Amino acid sequence: MKELKARILKDGRCLPGGILKVDNFINHQMDPILMKSMAVEFVRRYAHADINKIITVEASGIAPAIMVGYLLGLPVVFAKKQRPSTMENMLVTEVFSFTKNKSYSICVSKDYLKSGDKVLFIDDFLANGNAGKGIIDLVNQAGAELVGMGFLIEKAFQEGGELLRSTGIQVESLAIIESLDNCEIRFKE
Ligand code: 5GP
């Protein structure tokens, strides 16, 4: 997606270890106009799919997910990273965080992810695919169906894209980064 790539080149910053900092427009300060354009693009790419719910992981996935949910008129569920004491009947799985270098649990109430649900997962980054694997596990536990996985930014030099696509699920990324070597942002294609 041209608009996103241009913004990454303008405001994205490379950090050591293959990390792209986009907190000027996605991860901290957010640009709602760009968020909406990205959601429109997801809606276009999944137009053929039968979806009744959007799922994401807190916190950075929530903004793009809610824009997609708004455009499609569908509910948006976010997996929580802390188990709320008030929540019963939860589905729980473990996720390894690439940026924090540690594992954490994510959970969703069985009230909001159920057998028969056809879900689209939306998140900010696809790196090693660990958040995606966690979502696949939660969706399987619920007996629901994962219809697609949409990411704002994919880092093709990490293994997540290959891993998630090998499941047969439709994976879509709006900007695919081939390399961040020498802190130079290079896109695929
Ligand atoms: P994965 O689960 O695919 O291994 O990693 C994706 C998650 O790690 C994303 O939801 C995001 O929060 C974080 N992440 C991975 N790579 C980057 C990066 O280069 N920049 C930022 N800001 N977050 C990243």
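Keep in mind that this is a model prediction, so the values were computed, not measured.

In this structure, the largest pocket spans a volume of roughly 760 Å³. What lines the largest pocket is a set of 34 residues, among which S97, T99, K100, D124 and F125 lie closest to the centre. Going through the elements one at a time, strand 2 (19–21), strand 5 (90–97), strand 6 (102–109), strand 7 (118–126), helix 4 (130–142) and strand 8 (145–155) are the ones with two or more residues in the lining of the largest pocket. Examining the composition of the lining of the largest pocket, we find that five residues originate from one element, strand 7, more than from any other. Among the residues forming the lining of the largest pocket, the class breakdown is 16 nonpolar, nine polar and nine charged.

What follows concerns the environment of M30. With respect to the helices, strands and loops of the structure, M30 is situated in the loop between strand 2 and helix 2 (32–45). We classify M30 as partly exposed; its relative accessible area is 46%. M30 sits 94 residues away from D124 along the chain, and the two C-alpha atoms are 12 Å apart. What M30 contacts, discounting residues up to four positions off in sequence, is F25, M35 and A63.

Time to look at the nonpolar core. Ranked by size, the top nonpolar core spans 33 residues in total, and within it L4, I8, L20 and I153 carry the most contacts. Contributing elements (two or more residues each) for this core: helix 1 (2–11), helix 2, helix 3 (62–72), strand 7, strand 8 and strand 9 (170–179). Ranked by residue count, the leading element in this core is helix 2, at five residues. Apart from residues lying up to four places away in sequence, L20 is in contact with I8, G12, R13, F125, I153, I177, L180 and I185.

A separate point is the site of the ligand. The immediate surroundings of the ligand are formed by 16 residues, with L20, A127, G129, A131 and K155 found nearest. In the model, a nitrogen atom of the ligand is placed 2.7 Å from a nitrogen or oxygen of the L20 main chain. At 2.9 Å from an oxygen atom of the ligand is found a side-chain nitrogen or oxygen belonging to D124. Here the ligand occupies the largest pocket. Among the elements that take part in the shell around the ligand, strand 7 stands out by supplying four residues, more than any other. The residue inventory of the shell around the ligand, partitioned by class, reads seven nonpolar, six polar and three charged.

The next thing to look at is helix 4. A rise of 1.5 Å per residue sets the reference length of helix 4, with its 13 residues, at 18 Å; its end C-alpha atoms lie 19 Å apart and thus fit the reference within 8%. Within helix 4, the full set of buried residues consists of N130, G132, G134, I135, I136, L138, V139 and A142. Trailing helix 4 by a residue or two, G143 shows a phi angle of about 75 degrees, which is positive.

Now for a nonpolar patch on the surface. Where nonpolar side chains cluster on the molecular surface, the patch consists of V40, Y70, L71 and L72 and spans about 390 Å² of accessible area. Here the nonpolar patch takes three residues from helix 3, the largest share from any one element. Counting through the fold element by element, V40 comes out in helix 2. Exposure remark for V40: the relative accessible area of 42% places this residue in the partly exposed category.

Attention shifts here to the packing of helix 1 against helix 2. Two elements in contact, helix 1 and helix 2, have axes whose closest approach is 10 Å; the angle formed by their N-to-C orientations is 140 degrees. With respect to their mutual orientation, helix 1 and helix 2 come out oblique. Seen from above, helix 1 lies across helix 2 with left-handed handedness. Residues E3, L4 and R7 of helix 1 pack against L34, S37 and M38 of helix 2. In terms of residue class, the contact of helix 1 with helix 2 is made up of three nonpolar, one polar and two charged.

Calculation notes
- Residues numbered from 1 in each chain as written.
- Predicted model: local features only at pLDDT ≥ 70, side-chain atom pairs only at ≥ 80, totals over all residues.
- Heavy atoms only, no water.
- 1 Å grid on protein atoms, 1.4 Å probe; cavity = no way out; pocket = protein on both sides within 12 Å on 5 of 7 lines; lining within 4 Å.
- Points joined across faces, edges and corners; volume = space filled by probe spheres on them.
- Helix = DSSP H or I, 4+ residues; strand = E, 2+ residues; numbered from the N terminus.
- Nonpolar A, V, L, I, M, F, W, Y, C, P; charged D, E, K, R; others polar.
- Buried < 20%, exposed > 50% of the residue type's maximum accessible area, 1.4 Å probe, protein only.
- Contact = heavy atoms within 4.5 Å.
- Core = buried A, V, L, I, M, F, W, Y, C linked by side-chain atoms within 4.5 Å.
- Near = heavy atom within 4 Å.
- Polar contact = N/O pair within 3.5 Å; in protein donor to acceptor, adjacent residues only side chain to side chain.
- Sits in = over half its atoms within 2 Å of the grid points.
- Expected span 1.5 Å × (residues − 1).
- Patch = residues over 30% accessible without salt bridge, like charges linked within 9 Å, V, L, I, M, F, W, Y side chains within 5 Å.
- Areas by Shrake-Rupley, 256 points an atom, 1.4 Å probe, with all protein chains shown as cover.
- Salt bridge = Lys/Arg side-chain N within 4 Å of Asp/Glu carboxyl O.
- Axes fitted to C-alpha atoms, helices over the stretch in contact; angles between N-to-C directions.
- Parallel < 35°, antiparallel > 145°, perpendicular 65-115°, else oblique.
- Left-handed = near helix turned anticlockwise from the far one by under 90°.

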